[in-house]
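Commentary on secondary and tertiary structure
Each chain, written out:
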There are 2 protein chains.
Amino acid sequence: MSIIGLDAMGGDHAPVATVKGAIMALDFLDKDSRIVLFGDKEQIEAVLEQENCPAERFDIVHCSEVIHMGDHPVQSFQAKKDSSITVGFASLKSNKIDGFASAGSTGAMMVGCMYVVKQIEGVIRPTISVRVGTTDGNSMLLLDVGLNVDCKPDVLYQYGIIGNAYAKNVMGVETPRIALLNIGEEREKGNLVTKATYELMEHTEDFNFVGNIEAKSVLTGEVADVIVCDGFLGNSMLKQMEGFYEIAKSQGLSGGYIEALNYATVGGTAVLGINGNVLIGHGCSSELAIKNMILQTELTIKGNLVDNLREIFS
Amino acid sequence: MSIIGLDAMGGDHAPVATVKGAIMALDFLDKDSRIVLFGDKEQIEAVLEQENCPAERFDIVHCSEVIHMGDHPVQSFQAKKDSSITVGFASLKSNKIDGFASAGSTGAMMVGCMYVVKQIEGVIRPTISVRVGTTDGNSMLLLDVGLNVDCKPDVLYQYGIIGNAYAKNVMGVETPRIALLNIGEEREKGNLVTKATYELMEHTEDFNFVGNIEAKSVLTGEVADVIVCDGFLGNSMLKQMEGFYEIAKSQGLSGGYIEALNYATVGGTAVLGINGNVLIGHGCSSELAIKNMILQTELTIKGNLVDNLREIFS
């Protein structure tokens, strides 16, 4: 039984896309899972009515304020005490919900992660990650994808540990293959940081390190289940995938594997290494993206990842 | 009139693919251009005969040795004095050829660049670059794509200057748009290096800096003609393009714009900032890749880029 909080006011197309996405998710969630919508009750109910969806299928927590994309993350998180994001994090902190997802202000979401939920003791730097389908029909986890743009080797090493736990608990991979994203497969390849990271990972017993992986193999699934890199490279990789998806579509290719590269299929980025299950979606999230973000949130909750990471780092 | 040297022994499929590629190139070169093949005369002539191509259409410089992929670059460059790469660089240095291209050992090619041809005075670090077609029908230059994996801001700034000269002289763009590859368009985005580089480029009069570009826009042509990044990111971008090309093909999409992402269309990477025109190809180069590498070499020669860069940095 998972109680999933959704920021109904978050994203460019909220609350229509968020509420519609939540309705879409209902058919895919476990029977005893429940979605809690945070936001303007009247607006939420209007969309539900328009979609002929009974309001009692959701819990609604009315919030009178919204943090907008242009707002200062820290200031607005504190000032707008009744905003959907601030109230959502308070609910997460007090265990009224098991996870919280939003396509709203990434900055405000990170404020909630770092100052309300807080990082797990022992974790140097939390990370944001994405799980993307691979051409062999499985999926891989890429981390970090933009939170830490200048990573030290010990931080990347921890991302191996965090990714390993995610792959086991959420992706259901028994012995995940952890690889370091690099510009060559040989151990001596790379920049200063990846070379030093390789040395740290090489003989580890914390996870199954399979060596370096090159960017061309990231999506094949052949080499790794978890791919570790700094947030500057990871974010660029992710954005290049977005670019490729657009190119493929413009060239008449859609459906099939190509949909795995659609941000809406990816659904959102999981914030890992904090004391709660938090998913952050693309600002432009469509209802499909919201649906997939909700499903990812449920999977993360069911994986009991937070408890597992706390134990590992204790 | 361009005299283009080609290492006929370089690459996994040499000399068959190299000689065939050279034959293919003949139809596209200027009438008075000439290809000089460096390598085993007997083997080269055997391929020419097999292809029904008169040997006199090429100049052949017989070389009795080959530097293999597994050879130590510096040692083999010096020890194998009659290898196609070593002889090719000697010819370039003494102006018997105007440019030299090889799909052989990248390490040995770089030894030739740095120790025989040498870098242009004032250039902190030479760079390798690729020119890739964009979806708007034009092309962009990405640099560095793997030579300098840890770039300081002043090096990246120089890549702006070098790329600007290339775009003007070789790509024929009157006022090239130079962008910095980054994880956001806003000036405050990025890691320590890109933030510092942005500050250096922001008010420059050395080139037309258009700001940051995100990886998703690299191939649209909408933002920039020249895209500057460190070799770690650039190499990863390039390899992700290769990976995406494979995915597109496997999904039944080929031809059209997608072919621009084929390494064989790209043809090779130009080494810039040295006292000569040098192109390095993929080890697995097909005849099509060799053909395109030869055409790129001719374009670089005709652009008179080396003289122009010498003047800029003097």
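Calculation notes
- Once a new chain begins, its residue numbering starts again from 1 and follows that chain's sequence as written.
- Starting at A for chains and at 1 for ligands, labels are handed out in the order in which the entities are written.
- Two thresholds apply to this predicted model, a pLDDT of at least 70 for residue-level local features and 80 or more for giving and counting side-chain atom pairs, whereas whole-chain, interface and lining totals are computed over all residues.
- Excluding hydrogens and water, the side-chain figures rest on all heavy atoms present in the structure.
- To line up the copies, we fit them by least squares on C-alpha atoms, keeping just the residues with pLDDT of at least 70 in both.
- Throughout, a residue-residue contact means that at least one pair of heavy atoms, one from each residue, lies within 4.5 Å.
- In the sections that follow, a salt bridge refers to a side-chain nitrogen of Lys or Arg positioned within 4 Å of a carboxyl oxygen of Asp or Glu.
- Buried area: the accessible area, evaluated with a 1.4 Å probe, that two parts lose upon being put together, summed over both parts.
- Whenever a nitrogen or oxygen atom comes within 3.5 Å of another N or O atom, the pair is scored as a polar contact, on the condition that within protein one atom can donate a hydrogen and the other can accept it, and that pairs from neighbouring residues in sequence are kept only if both atoms are in side chains.
- Secondary structure counts use DSSP, requiring at least four H or I residues in a row for a helix and at least two E residues in a row for a strand, with both numbered from the N terminus.
- In the scheme used here, Gly and all other residues not listed as nonpolar or charged are polar, with Ala, Val, Leu, Ile, Met, Phe, Trp, Tyr, Cys and Pro taken as nonpolar and Asp, Glu, Lys and Arg as charged.
- These domain boundaries are the output of an automatic or database domain assignment.
- The pairing criterion for strands is at least two bridges between them, as found by DSSP.
- Think of each axis as a best-fit line through the C-alpha atoms, taken over the contacting stretch in the case of a helix, with angles from 0 to 180 degrees between the N-to-C directions.
- Relative accessibility thresholds used throughout: buried, under 20% of the residue-type maximum; exposed, over 50%; partly exposed, between the two (1.4 Å probe, protein chains only).
- Here, expected helix span is obtained from the residue count minus one, scaled by 1.5 Å.
- Every angle not falling under 35 degrees, over 145, or within 65 to 115 is termed oblique; those three ranges are roughly parallel, roughly antiparallel and roughly perpendicular.
- Less than a right angle of anticlockwise turn of the near helix away from the far helix marks a crossing as left-handed, whereas a clockwise turn marks it as right-handed.

Thoughts on the relation of the copies chain A and chain B
The transformation that overlays chain A on chain B combines an axial shift of 0.0 Å with a rotation of 180°, and the residual RMSD is 0.0 Å. On this basis, the relationship between the two copies can be described by a two-fold rotation axis. In this assembly, 100% of the residues forming the interface of chain A have copies in chain B that are likewise at the interface, indicating an isologous arrangement.

Considerations on the pattern of salt bridges
All names here are of chain A. As enumerated under the stated definition, the model contains 24 salt bridges over all chains in all. In this structure, lysine 80 and aspartate 71 form a salt bridge, with 2.7 Å as the shortest nitrogen-oxygen distance. If you follow the salt bridges from partner to partner, you end up with Lys20, Glu51 and Glu287 in one network.

Brief notes about the interface of chain A and chain B
Between chain A and chain B, the residue contacts involve 34 residues of the former and 34 residues of the latter. Taken together, the two surfaces of chain A and chain B that pack against each other cover about 3,100 Å², and 71% of this comes from carbon and sulfur. The largest per-residue losses of area from chain A upon contact with chain B belong to Ile183(A), Phe232(A) and Phe244(A), which jointly make up 22% of the total buried on that side. Inspection of the region where chain A meets chain B yields two salt bridges. The interface formed by chain A and chain B holds 10 residue pairs in polar contact (both at pLDDT 80 or more) in total. Listed by contribution, the elements that provide at least two residues to the side of chain A that touches chain B are helix 7 (192–202) and helix 8 (231–250) of chain A. A total of 13 residues in the side of chain A that touches chain B trace back to one element, the largest contributor, which is helix 8 of chain A. Looking at the side of chain A that touches chain B, its residues break down into 17 nonpolar, 12 polar and five charged.

Notes on the domain arrangement of chain A
Residues and elements named next belong to chain A. Assigned domains within chain A: domain 1 (1–121 + 273–303) and domain 2 (124–265). Across the domain 1/domain 2 interface, buried area totals approximately 1,100 Å², and carbon plus sulfur atoms make up 61% of it. Across the domain 1-domain 2 interface, the total number found is five residue pairs in polar contact (both at pLDDT 80 or more). With six residues, the top contributor of residues to the side of domain 1 that touches domain 2 is helix 10 (residues 287–302). Residues of the side of domain 1 that touches domain 2, tallied by class, amount to seven nonpolar, nine polar and no charged.

Some words on the sheet that holds strand 9 (residues 226–228) of chain B
Residue and element names in this part refer to chain B. Judged by pairing direction, the sheet is mixed, and its 11 strands sit side by side in the order 3-2-1-4-11-10-5-6-9-7-8 without closing on themselves. In the strand order of this sheet, the two ends are held by strand 3 (59–62) and strand 8 (208–213), each with one partner. Averaged over all adjacent pairs, the angle separating strand axes in this sheet is 25°, with direction ignored. Two elements, strand 1 (residues 3–7) and strand 4 (residues 99–102), share three bridges in a ladder whose sense is parallel. Following the sheet pairing, isoleucine 4 is matched in strand 4 by glycine 99. Together, strand 7 (177–181), strand 8 and strand 9 form the strand contacts of helix 7 (residues 192–202), whose direction differs from that of strand 8 by roughly 155°. Packed onto the sheet, helix 10 (residues 287–302) meets strand 1, strand 2 (34–39), strand 4, strand 5 (127–133) and strand 11 (277–280) and runs at close to 145° relative to strand 1.

Things to note about the pairing of strand 11 (residues 277–280) of chain A
When a strand is regular, its side chains alternate between the sheet's two faces. All names here are of chain A. Alternating positions in strand 11 separate into two faces, Asn277 and Leu279 on one and Val278 and Ile280 on the other, with burial throughout. Looking at chain direction, strand 4 (residues 99–102) and strand 11 are connected through four bridges and run parallel. Bridge pairing in strand 11 places alanine 101 opposite leucine 279. Sheet topology places strand 10 (residues 269–272) next to strand 11; three bridges connect them, and they run antiparallel. Bridged to valine 271 within strand 11 is valine 278.

Notes on the sheet that holds strand 8 (residues 208–213) of chain A
All names here are of chain A. Strands sit in the order 3-2-1-4-11-10-5-6-9-7-8 across an open sheet of 11 strands; the sheet is mixed. Single-partner strands in this sheet number two, and they are strand 3 (59–62) and strand 8. Neighbour-to-neighbour, the strand axes of the sheet open up by a mean angle of 25°, direction not taken into account. Relative to the sheet, helix 5 (residues 106–117) contacts strand 4, strand 5 (127–133), strand 10 and strand 11, its axis offset from that of strand 11 by approximately 170°.

Focus: helix 10 of chain A
All names here are of chain A. If you check helix 10, its first and last C-alpha atoms are 23 Å apart, about what 16 residues at 1.5 Å a residue would give, namely 22 Å. By the criterion of burial, helix 10 is predominantly enclosed, with 12 of the 16 residues buried. Taken as a whole, helix 10 has its buried residues at Ala289, Ile290, Lys291, Asn292, Met293, Ile294, Leu295, Gln296, Thr297, Glu298, Thr300 and Ile301. Immediately downstream of helix 10, the backbone of asparagine 304 shows phi near 55°, a positive value.

Notes on unusual backbone geometry
All names here are of chain A. Residues leucine 143 and aspartate 144 are joined by a peptide bond in cis, for which omega reads 0°. Along the chain, aspartate 144 falls in the loop between strand 6 (139–143) and helix 6 (153–169). Notably, asparagine 52 is not glycine yet its phi reads approximately 55°, a positive angle. Looking at the secondary structure, you find asparagine 52 in the loop between helix 2 (41–50) and strand 3.

Concerning the packing of helix 6 (residues 153–169) of chain B against helix 11 (residues 305–313) of chain B
All names here are of chain B. Their axes nearest at 10 Å, the elements helix 6 and helix 11 cross at an angle of 140°. Comparing their axes, helix 11 and helix 6 come out oblique. For the crossing formed where helix 6 meets helix 11, the hand is right-handed. On helix 11, the residues touching Gln158, Ile161, Ile162, Ala165, Tyr166 and Asn169 of helix 6 are Leu305, Asn308, Leu309, Ile312 and Phe313. Class assignment of the residues belonging to the contact of helix 6 with helix 11 gives a composition of eight nonpolar, three polar and no charged.

Considering the environment of Thr265(A)
Residue and element names in this part refer to chain A. Its place among the elements puts threonine 265 in helix 9 (residues 263–266). For threonine 265, a relative accessible area of 34% puts it in the partly exposed group. Taking the C-alpha atoms as reference points, threonine 265 and asparagine 235, separated by 30 residues in sequence, lie 17 Å from one another. With residues up to four places along the chain from it excluded, the contact list for threonine 265 reads Glu259, Ala260 and Asn292. Engagement of the side chain of threonine 265 in a polar contact is seen with the backbone oxygen of glutamate 259, the distance being 2.6 Å.

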